[in-house]
Amino acid sequence: MQRIYTTEVAAHVGERIQVAGWLHALRRLGGISFLVLRDVRGTIQIVLDTPGALAALEGLLPETVLTAAGTVVAEPQAPGGIEIHGPTFEILSPVRDALPFPLNKPEVKATLPTFLDHAVIGHRHPARRSVMRLQAGIMAGFRTTLTALGFTEIQTPKLVGSATEGGANVFTVDYFGRPAYLAQSPQFYKQIMVGVFERVFEVGPVFRAEPHDTVRHINEYVSMDVEMGFIRDHRDVMAVLTQVVRGILGHLQEHYAPELAAVNAVLPAAPEQFPAIYFPEAQELILRLHGEDCRGEPDLAPQHERWLGEWARQEYGSDFLFVTGYPMAKRPFYTHPNPADPAYSNSFDLLFRGTELVTGGQRLHLYQAYLDSAAARGYTDLTPFETYFETFKYGMPPHGGFAIGLERFIMQLLGLDNVRLATLFPRDINRLAP
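Keep in mind it's a predicted model, so treat the numbers as computed, not measured.

> How would you summarise the overall build of the protein chain if you had to cite specific residues and measurements?
Per the secondary structure count, the protein chain includes twelve helices and 18 strands. For the protein chain, the C-alpha atoms occupy an extent of roughly 85 × 55 × 40 Å along the three principal directions. Relative to its 434 residues, the protein chain shows a buried fraction of 49%. For the protein chain, contacts bridging at least 24 residues in sequence account for 66% of all contacts bridging at least 6. When the accessible area of the protein chain is evaluated, it comes to approximately 20,400 Å², of which 53% is carbon and sulfur surface. For the protein chain, the distance from the average position of its 37 positive side-chain charges to the average position of its 47 negative side-chain charges is 3 Å.

> Give me a nonpolar patch on the surface: which residues, what numbers.
Taken together, the side chains of V120, L424 and F425 define a hydrophobic patch exposed on the protein surface, amounting to about 250 Å² of accessible area. Mapped onto the fold, F425 is located in the segment after α12 (406-414).

> I'd like to hear about the pairing of strand β8 (residues 172-175), residue by residue, with values.
Pairing of β8 with strand β9 (residues 178-182) involves four bridges; the strand directions are antiparallel. Considered in β9, the bridge of D174 is made with P179. Taken together, β8 and the strand that follows it, β9, pair antiparallel across an intervening segment of two residues, in which F176 is found at a positive phi of about 55 degrees.

> So what's going on with the sheet that holds strand β11 (residues 220-229)? Which residues, and what values?
Strands sit in the order β6-β10-β11-β18-β17-β16-β13-β12 across an open sheet of eight strands; the sheet is mixed. Edge positions in the sheet fall to β6 (152-153) and β12 (276-278), since each has one partner strand and no second. As defined by bridge partners, β12 adjoins strand β13 (residues 320-324) across three bridges and the pair is classed as parallel. Bridging across to β13, I277 finds its partner in V323. Each of β6, β10 (199-207), β11, β17 (355-363) and β18 (399-405) touches helix α5 (residues 187-197); the most contacted strand, β11, lies at about 30 degrees to it.

> Which residues make up the packing of α5 against helix α11 (residues 386-393), and what values go with them?
Packing of α5 against α11 leaves a shortest axis separation of 10 Å and a crossing angle of 25 degrees. In terms of axis orientation, α5 runs roughly parallel to α11. Along this stretch, α5 crosses α11, giving a crossing that reads as left-handed. On the side of α5, the interface is formed by F188, Q191 and I192, while α11 contributes Y388, T391 and F392. Its residues placed into classes, the contact of α5 with α11 shows four nonpolar, two polar and no charged.

> Can you tell me about the nonpolar core, naming the residues and giving the values?
Across soluble globular proteins, nonpolar side chains show a tendency to be buried alongside one another. Ranked by internal contacts, the top residues of the largest apolar core, which has 46 residues, are I138, F142, L241, F320, F402, I404 and F409. With nine residues, the single largest contributor to this core is helix α6 (residues 234-255). Look past the residues within four positions of I404 in its chain and what remains in contact with it is F142, V222, S223, M224, L241, V244, L357, V358 and F409. Counting 19 residues, the second largest nonpolar core, distinct from the first, contains I17, L66, A68 and I84.

> Quick one: what's the story with the packing of aromatic side chains, residue by residue and with numbers?
Under the counting rule described, the total for this entry stands at 27 aromatic pairs. Judged by centre distance (5.7 Å) and plane angle (90 degrees), the rings of F142 and F201 are edge-to-face. Of the two residues, F142 sits in helix α4 (residues 126-148) while F201 sits in strand β10, which places them 59 residues apart along the sequence. Overall, F201 belongs to the buried group, its relative accessible area being 2%. Judged by centre distance (5.4 Å) and plane angle (80 degrees), the ring pair of F333 and F385 falls under edge-to-face. Linking F333 in the loop between β13 and β14 (337-338) with F385 in the loop between α10 (367-376) and α11, this pair joins segments that are 52 residues apart in sequence.

> For the sheet that holds strand β7 (residues 159-160), give the residues involved together with the corresponding values.
Ordered by their spatial adjacency, three strands build an open sheet running β7-β9-β8, and the pairing between neighbours is antiparallel. Strands with a single pairing partner mark the edges of an open sheet, and in this sheet they are β7 and β8.

The rules behind the values
Residues numbered from 1 in each chain as written. Predicted model: local features only at pLDDT ≥ 70, side-chain atom pairs only at ≥ 80, totals over all residues. Heavy atoms only, no water. Helix = DSSP H or I, 4+ residues; strand = E, 2+ residues; numbered from the N terminus. Buried < 20%, exposed > 50% of the residue type's maximum accessible area, 1.4 Å probe, protein only. Contact = heavy atoms within 4.5 Å. Areas by Shrake-Rupley, 256 points an atom, 1.4 Å probe, with all protein chains shown as cover. Lys, Arg positive; Asp, Glu negative; His and termini not counted. Charge placed at Lys NZ, Arg CZ, Asp CG, Glu CD. Patch = residues over 30% accessible without salt bridge, like charges linked within 9 Å, V, L, I, M, F, W, Y side chains within 5 Å. Salt bridge = Lys/Arg side-chain N within 4 Å of Asp/Glu carboxyl O. Pairing = 2+ DSSP bridges. Axes fitted to C-alpha atoms, helices over the stretch in contact; angles between N-to-C directions. Parallel < 35°, antiparallel > 145°, perpendicular 65-115°, else oblique. Left-handed = near helix turned anticlockwise from the far one by under 90°. Nonpolar A, V, L, I, M, F, W, Y, C, P; charged D, E, K, R; others polar. Core = buried A, V, L, I, M, F, W, Y, C linked by side-chain atoms within 4.5 Å. Phe/Tyr/Trp six-rings, centres within 6.5 Å; stacked < 30°, edge-to-face > 60°.

This is how it looks when you write it as structure tokens:
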């Protein structure tokens, strides 16, 4: 018989079919026993109504891999209204050792370190699987939206010859006897490729050797990057980012409803136009509403972001808020200043439910502007920038872009209390396995 998935069983009432998967649970209730089989799409209840059926499972523990052939019966009291009777089994991979924690409960009951130590097994839990499938849905929605907007997907090197981009430490690796570095971002390359395709995007890993040990930071994560040419200023970039976020959420709603329901996800309020507030005005608002004077600071603290997120929700009914015009002192050297207020930049952060999700803005595009900016930042040796600067020496349009952290997106979407729960196998200052 050809194997069918658990979600297809209902279409075969009265027929003998074959399913395959993992022994999710085995329940003995008096004179009758039930096996719950789990596959990639769901679960199905199998009634062990013959002595031979129960004997075939003797000594086997949850996560045993097996096939089951039996007759589909409509049973209103069964989960989903159907079950399989008269089964015969083939054991494909027996399990006789107890799991580090149960996978057949509604939630994984394990501490975070224990779960992460055994994540190779823990991700099999249906809720954890839904989290990871939603990650796939976010990437798919990102790609679908941008492709429809005329963007080309690229893949840039993750091994680079110089640590030129500021704002984070880098990991050094031995590259055939000379030092190389894991890329902090695809920033320089995606700008370069605007000169080829005008509009580009990438989904790939980035590496930050920052000694953070917080619930919001990991040292390797997936960055969803965008860069686009022929813009007027950063507001054009913000408009595309709004379309992308709304496109991702729409894709999840259309194609991932079961996964959203499995983790009790509530999709955020995402109006057609996200509200925006200028950085100095945001600091004034924080002072007025909360009595904390952060004026003169070059960045917002996490608590400030949370306050601004609450304000956007109350005032605009939006779970998203742009904060624009961060001080130039806080932004990388390639950031375009605000022509009307040069101490501040044509850049932005997008807050999602009170947490920074996206950083972006307008970049410099004139060759001389790069030389001047590098000199102003104290770069005396421009050799590491030669290839990058060559792009601008031979003509680049006004351009800008942004980057979305995939794991941070999942964390905020699902209300997880630690970004490691939004990461397949997290890498942080303490963890390099599994």
